[in-house]
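Here is what each chain is made of, one letter per residue.
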Amino acid sequence: MLKQLLGKLPRKSSKSTANRDHGGNHTANSNASTGSRSSNGKSANSNISSVAVNNSAPDVSQNLGNKIHQGVNSKLNGDLGFSQYEGLPGFKDVPSSEKQSLFIRKLNMCCVVFDFTEPMKNLKEKEIKRQTLQELVDYVTSVSGKFSETAMQEVMKMVSANLFRTFTPQPRENKVVDGVDLEEDEPSMDSAWPHLQIVYELFLRFVSSAETDAKLAKRYIDQSFILKLLDLFDSEDPREREYLKTILHRIYGKFMVHRPFIRKAINSIFYQFIFETEKYNGIAELLEILGSIINGFALPLKEEHKMFLVRAMIPLHKPRCLAMYHQPLSYCITQFVEKDCKLADTVIRGLLKYWPITNSSKEVMFLNELEEVLEATQLPEFQRCMVPLFQQLARCLNSSHFQVAERALFLWNNDPIENLIIQNRKVILPIIFPALEKNVRNHWNQAVRSLTLNVRKIFEDLDHELFNECLLKFQEDEEKEVEIKARSEAAWKRLEEIATQKAASDAMVVAPRKALTCSASG
């Protein structure tokens with residue numbers, strides 16, 4: 001009864017209750033914008049619950065920037081609302097004096113990162129952001145007058161917020177067979193590409209714009225930013241890698257101070273790929289950039305560039321997935337040789353070092369590249385490496401895989417290479433003549449036999465005396481091989497006879513002992 005009476009008495013207002021009565025609206029707004037703990041007890045601190053874009057508020061840009069800065073890298077939760085995410089006026093609807101301010105506000109607005117793993121979430125807000133990004137692209141393209149340092153800073157903040165993310169690549173084990181990447185037919189596409197593409201386009205136009213002052217922009221496009229940009233080359237989406245390739249090339253051209261660093265960073269990626277993982281999606285795109293860079297190297301080549309060739313470019317022939325990037329790699333290698341013909345010997349010996357043994361499709365790629373290198377090779381460099389080179393080519397001529405043998409024989413259809421061979425025929429023909437003769441007599445493929453006969457005839461018509469000497473030597477070696485084989489067979493036969501006789505004599509010796517044992521026991 002006492003408790004019931006006390007319950008009816010008026011209670012003294014608490015301090016917290018008074019606060020709620022006097023400032024409830026302020027608290028609600030604060031909770032909505034800062035992502036405090038909601039009524040159901042779940043914490044939303046790591047997400048952006050709502051972004052107010054009210055044109056009548058003079059400090060909306062600063063407030064919005066602060067909110068985005070707190071949660072810009074977080075994924076949006078579908079349970080959180082975006083009722084106040086609204087579009088800003090177009091650039092044509094504001095005076096010229098306010099366009100740069102509006103530009104910054106739109107950039108801040110686009111720092112919000114939406115979740116594209118579930119396509120039906122936040123459809124209205126995603127469309128507003130897409131339209132805003134497109135307006136920003138048009139503005140960057142048509143702007144007249146240099147970008148301010150504040151504008152540059154906001155562009156880089158928005159680009160970083162949208163692009164820099166952690167990849168979760170699918171396992172690639174057992175997906176590379178015989179040098180062919182099975183994932184190439186069905187590349188993984190990023191679901192966020194509708195927004196990412198426009199962000200990349202905006203950044204590309206910003207970097208390429210004449211209104212972007214390189215001296216100011218290099219404070220924000222710094223080494224840390226470049227490293228993060230290079231990390232994106234591991235994206236499985238080929239569309240993203242294509243944009244990255246173009247953007248990095250523009251950065252390399254515009255920011256001369258970063259050029260050595262970019263080359264060194266790419267070098268590190270290659271080292272990790274070659275000697276550790278053999279897994280990286282953007283090797284081909286990085287090599288395409290390097291092809292253009294190498295083409296612009298000044299002569300004579302720096303020692304740094306030559307070491308890059310020896311330590312990174314040539315070892316790139318080692319990984320099994322060479323087919324994924326061989327074409328741009330071959331172009332880079334050829335560019336080095338065309339820049340400095342003395343590097344031909346180094347390149348050819350490097351190819352021989354990594355020459356495949358059991359991978360026929362990779363061997364065909366090596367032969368294709370070898371032809372391009374030999375076209376740019378001068379006589380002195382050719383003579384330095386021709387002996388080991390044609391020893392390897394002789395093995396290719398006798399390959400049981402007809403494409404390898406055929407591709408090796410096609411070298412004689414290239415006039416510059418044929419001229420080098422003809423000038424050095426006294427060294428080369430004795431090396432490859434046995435392979436030619438074996439092909440003519442025994443190769444299973446008719447096309448290979450026909451091509452071999454053509455090559456054989458070239459030497460016979462060119463230097464009949466040398467041809468006969470090689471033929472005589474081959475016949476003598478063949479006779480010696482027959483004799484050696486006969487002696488070997490005779491020796492084995494003799495050993496078998498000795499072994500048979502010894503087994504029989506051992507049996508005769510053992511039998512009497514058994515008889516003696518039996519008689520003793522009797």
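Source: prediction; values computed, not measured.

Parameters at a glance
- Residues numbered from 1 in each chain as written.
- Predicted model: local features only at pLDDT ≥ 70, side-chain atom pairs only at ≥ 80, totals over all residues.
- Heavy atoms only, no water.
- Helix = DSSP H or I, 4+ residues; strand = E, 2+ residues; numbered from the N terminus.
- Buried < 20%, exposed > 50% of the residue type's maximum accessible area, 1.4 Å probe, protein only.
- Contact = heavy atoms within 4.5 Å.
- Areas by Shrake-Rupley, 256 points an atom, 1.4 Å probe, with all protein chains shown as cover.
- Axes fitted to C-alpha atoms, helices over the stretch in contact; angles between N-to-C directions.
- Nonpolar A, V, L, I, M, F, W, Y, C, P; charged D, E, K, R; others polar.
- Core = buried A, V, L, I, M, F, W, Y, C linked by side-chain atoms within 4.5 Å.
- pLDDT = per-residue confidence, 0-100.
- Phe/Tyr/Trp six-rings, centres within 6.5 Å; stacked < 30°, edge-to-face > 60°.
- Lys NZ or Arg CZ within 6 Å of the ring centre and 35° of its normal.
- Expected span 1.5 Å × (residues − 1).
- Bend = angle between axes of the 7 residues up to and from the residue.
- Parallel < 35°, antiparallel > 145°, perpendicular 65-115°, else oblique.
- Left-handed = near helix turned anticlockwise from the far one by under 90°.
- Salt bridge = Lys/Arg side-chain N within 4 Å of Asp/Glu carboxyl O.

1. Considerations on the overall build of the chain
The helix and strand inventory of the chain stands at 22 helices and two strands. Classification of the 522 residues of the chain by burial places 44% in the buried group. Here the analysis covers contacts within the chain between residues at least 6 apart in sequence; of these, 75% occur between residues at least 24 apart. Counting only carbon and sulfur atoms, one obtains 53% of the accessible surface of the chain, whose full area is about 28900 Å².

2. So, the packing of helix α10 (residues 238-254) against helix α11 (residues 259-277)
It is the contact of α10 with α11, at a shortest axis distance of 9 Å, that shows an interaxial angle of 140°. Listed contacts from α11 to L248, I251, Y252 and G253 of α10 are R259, I262, R263 and I266. Class assignment for the residues of the contact of α10 with α11 results in five nonpolar, one polar and two charged.

3. A few points about the nonpolar core
Counting 138 residues, the largest nonpolar core has F270 and M313 as its most contacted members. Dropping the residues within four chain positions of it, M313 is found in contact with F270, L287, I294, F308, L329, C332, I333 and F336.

4. Section: the confidence of the model for the chain
Per-residue confidence for the chain gives a mean pLDDT of 81; residues scoring 70 or more make up 78%. Contacts from residues 12-83, a stretch scored under 50 in pLDDT, to residues over four places away or in other chains number 81 contacts. The model gives residues 518-522 a pLDDT under 50, and that stretch makes zero contacts with residues more than four places away or in other chains.

5. Observations regarding the packing of aromatic side chains
Tallied over the full model, the rule gives 20 aromatic pairs. Taking the centre distance of 5.3 Å and the plane angle of 70° together, the rings of W355 and F366 count as edge-to-face. Of the two residues, W355 sits in the loop between α15 (344-353) and α16 (360-375) while F366 sits in helix α16, which places them eleven residues apart along the sequence. In terms of burial, W355 and F366 fall into one category: buried. A connected cluster of aromatic rings, assembled from ring pairs, spans F91, F103, Y139, F147 and F206. Sitting over the face of the ring of F116, K126 holds its NZ or CZ atom 4.5 Å from the ring centroid.

6. Quick word on helix α17 (residues 379-397)
Each turn of an α-helix holds 3.6 residues, which means side chains three or four residues apart point in the same direction. Compared with the 27 Å implied by 1.5 Å per residue over 19 residues, the 23 Å span of α17 between its first and last C-alpha is markedly short. Within α17, the axis deviates most sharply at M386, by approximately 60°, and proline P388 lies no more than four positions further along. Within the span of α17, buried status applies to E381, F382, C385, M386, L389, F390, Q392, L393, A394, C396 and L397.

7. Some thoughts on the environment of V440
When you line up the elements, V440 lands in helix α20 (residues 425-442). Sequence separation between V440 and L453 is 13 residues; the distance between their C-alpha atoms is 6.6 Å. Contact partners of V440, with chain neighbours within four places excluded, come to R449, T452, L453 and R456.

8. Considerations on the environment of E363
Mapping E363 onto the fold places it in helix α16. Through-space distance from the C-alpha of E363 to that of V404 is 6.7 Å; in sequence the pair is 41 residues apart. Not counting residues up to four positions away in its chain, the partners in contact with E363 are W355, P356, Q392, C396 and V404.

9. Concerning the side chain of K106
In this fold, K106 is placed in helix α4 (residues 96-109). Contact partners of K106, with chain neighbours within four places excluded, come to L88, P89, F91, T132, E135 and L136.

10. Overview of the packing of α11 against helix α13 (residues 303-313)
Contact geometry for α11 and α13: axes closest at 10 Å, N-to-C directions at 20°. When the axes of α11 and α13 are compared, the pair comes out roughly parallel. When you trace α11 past α13, the crossing you get is left-handed. Across from R263, N267, F270, Y271, I274 and F275 in α11, the residues of α13 making contact are E304, H305, F308, R311, A312 and M313.

11. A short note on the pattern of salt bridges
Pairs can form between side chains of opposite charge once their charged atoms are near each other. Under the defined criterion, the tally for this structure stands at 24 salt bridges. A salt bridge links E135 to K106, with the nearest nitrogen and oxygen atoms 2.5 Å apart. Residue E135 is located in helix α5 (residues 123-142), and its partner K106 is located in helix α4; the two are separated by 29 residues in the primary sequence. The exposure class of K106 is buried, given its relative accessible area of 0%. The partner of K318 in a salt bridge is E278, and the shortest N-O contact between them spans 3.9 Å. Of this pair, K318 sits in the loop between α13 and α14 (326-339) while E278 sits in the loop between α11 and α12 (283-295), and the two are 40 residues apart along the sequence. Because the salt bridges share partners, they merge into one network encompassing E437, R441, R456 and E478.

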